[in-house]
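Single-letter residue listing:
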Amino acid sequence: MRLAFMGSPDFAVPALRALHGAGHAIAAVYCQPPKPAHRGQRETRCAVHVAAEALGLPVRTPARLRRDEAEHAAFAALDLDAAVVAAYGLILPKPMLDAPRRGCLNIHASLLPRWRGAAPIQAAILAGDDRTGVTIMRMDEGLDTGPMLLAEAVPIGPETTASTLHDTLAALGARLILRALAENPPAVPQPDEGVTYAPKLTREDGRIDWSRDAAAIDRQVRALNPWPGTHTRHGEEVLKVLGAAPLPERTEAPPGSVLEAGRVACGGGTVLRLTRLQRAGRAPQEIGAFLRGYPLAPGDRLG
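Just give me the short version of the nonpolar core, but keep the residues and values in it.
Ranked by size, the top nonpolar core spans 49 residues in total, and within it Phe5, Leu16, Val48, Ile107, Ile136, Leu169 and Ile177 carry the most contacts. Sort the elements by how many residues they give to this core and helix 6 (residues 162-183) lands first, with ten residues. If sequence neighbours within four positions are ignored, Phe5 has contacts with Ala12, Ala15, Leu16, Leu19, Ile26, Ala28, Val29, Tyr30, Val48, Val84 and Ala86. Core analysis: the second largest hydrophobic core is formed by 19 residues, Val241, Leu274, Phe290 and Leu302 among them.

So what's going on with the side chain of Gln122? Residues and values would help.
As for its position among the elements, Gln122 is in helix 5 (residues 120-126). Here Gln122 is in contact with Ala162, Leu201, Ala223, Leu224 and Trp227, once residues within four sequence places are set aside.

So what's going on with the packing of aromatic side chains? Residues and values would help.
Aromatic ring pairs are reported here in terms of the distance separating the ring centres and the angle at which the planes meet. One pass over the structure, following the stated rule, counts two aromatic pairs. Here the aromatic rings of Tyr30 and Phe75 are separated by 5.7 Å at their centres, their planes lie at 75 degrees, and the arrangement is edge-to-face. Of this pair, Tyr30 sits in strand 2 (residues 25-30) while Phe75 sits in helix 3 (residues 69-76), placing them 45 residues apart in sequence. Using a relative accessible area of 1% as the deciding quantity, one classes Phe75 as buried. Taken together, a centroid distance of 5.1 Å and an interplanar angle of 40 degrees make the contact between Phe290 and Tyr294 tilted. Each member of the pair, Phe290 together with Tyr294, is buried.

Talk me through the layout of surface pockets; I want residue IDs and the actual numbers.
It is the rolling of a water-molecule-sized probe over the atoms that shows where space remains empty. Each pocket or cavity is described by its volume, and for the second largest pocket that value is around 310 Å³. Forming the boundary of the second largest pocket are 17 residues, of which Pro228, Gly229, Thr230, His231 and Lys240 lie nearest the centre. Those elements that place two or more of their residues in the lining of the second largest pocket are strand 12 (230-234), strand 13 (237-247) and strand 15 (271-279). The dominant element in the lining of the second largest pocket, judged by the number of residues it contributes, is strand 13, at four residues. In terms of residue class, the lining of the second largest pocket is made up of nine nonpolar, five polar and three charged.

Basis of the calculations
Residues numbered from 1 in each chain as written. Predicted model: local features only at pLDDT ≥ 70, side-chain atom pairs only at ≥ 80, totals over all residues. Heavy atoms only, no water. Core = buried A, V, L, I, M, F, W, Y, C linked by side-chain atoms within 4.5 Å. Buried < 20%, exposed > 50% of the residue type's maximum accessible area, 1.4 Å probe, protein only. Helix = DSSP H or I, 4+ residues; strand = E, 2+ residues; numbered from the N terminus. Contact = heavy atoms within 4.5 Å. Phe/Tyr/Trp six-rings, centres within 6.5 Å; stacked < 30°, edge-to-face > 60°. 1 Å grid on protein atoms, 1.4 Å probe; cavity = no way out; pocket = protein on both sides within 12 Å on 5 of 7 lines; lining within 4 Å. Points joined across faces, edges and corners; volume = space filled by probe spheres on them. Nonpolar A, V, L, I, M, F, W, Y, C, P; charged D, E, K, R; others polar.

Pasting the structure below:
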């Protein structure tokens with residue numbers, strides 16, 4: 001088929017490579033423009049941009065689409081069978097949604113209608129869901145409201161992080177979009193029941209509130225790994241919490257109180273064991289090595 005691919009981050013790269021490898025004609029790849037990043041604020045291309053150039057595909061990086069009639073016309077002129085969209089980052093206006101013969105097909109990292117929005121992978125872990133998945137849907141003008149073509153679930157285990165789930169769902173999305181294009185399954189409207197939203201994350205979402213119970217904080221640590229990450233304060237120092245595990249024991253110590261061996265009192269008398277920490281400007285460390293070099297003593301308070 002003659003396709004456009006529209007995506008920006010790492011999540012979209014497996015699908016782009018799969019479509020190219022399957023022999024589809026990719027007329028253009030759309031992604032976010034290069035942005036300043038890293039030391040020196042060098043202009044840096046997104047992951048899809050890098051992958052597309054490595055495959056020898058033409059790349060377009062418009063900064064906006066909604067009212068740009070020239071971009072609408074250029075997209076229509078591609079004469080597409082379909083456009084495949086995966087975490088692109090720009091809203092597609094109706095003229096672009098309507099241009100491909102089979103519409104614009106979105107690879108969404110949840111089992112719709114649960115977790116529409118910007119951060120479905122993290123939201124599923126934060127909520128304690130025992131499964132999530134990928135839905136292929138035909139896009140409309142709403143926020144992830146279009147009819148569904150295919151969906152497949154994967155489990156969320158007690159040690160699943162956003163990083164590992166991201167990679168699993170990216171690979172699943174690549175496989176499902178090939179099926180959707182080959183099989184052209186009927187579109188099924190999303191049900192009205194079970195709709196939830198996953199808003200965009202901010203750095204503030206990573207601050208640990210020790211008044212919450214240990215299981216909820218454990219989910220926060222796993223859900224926000226690697227970004228925005230979770231953190232807490234010990235005096236003037238900010239500590240990144242990279243790993244943790246809830247324990248079955250109980251405590252009467254106030255939430256945020258450091259117990260022995262890297263354990264911390266949480267809300268409801270629950271206890272969380274910190275397993276991996278990082279100080280600003282230092283390398284991550286397992287808890288044993290961290291405590292040998294940093295005075296995180298029983299009775300101290302985190303907050």
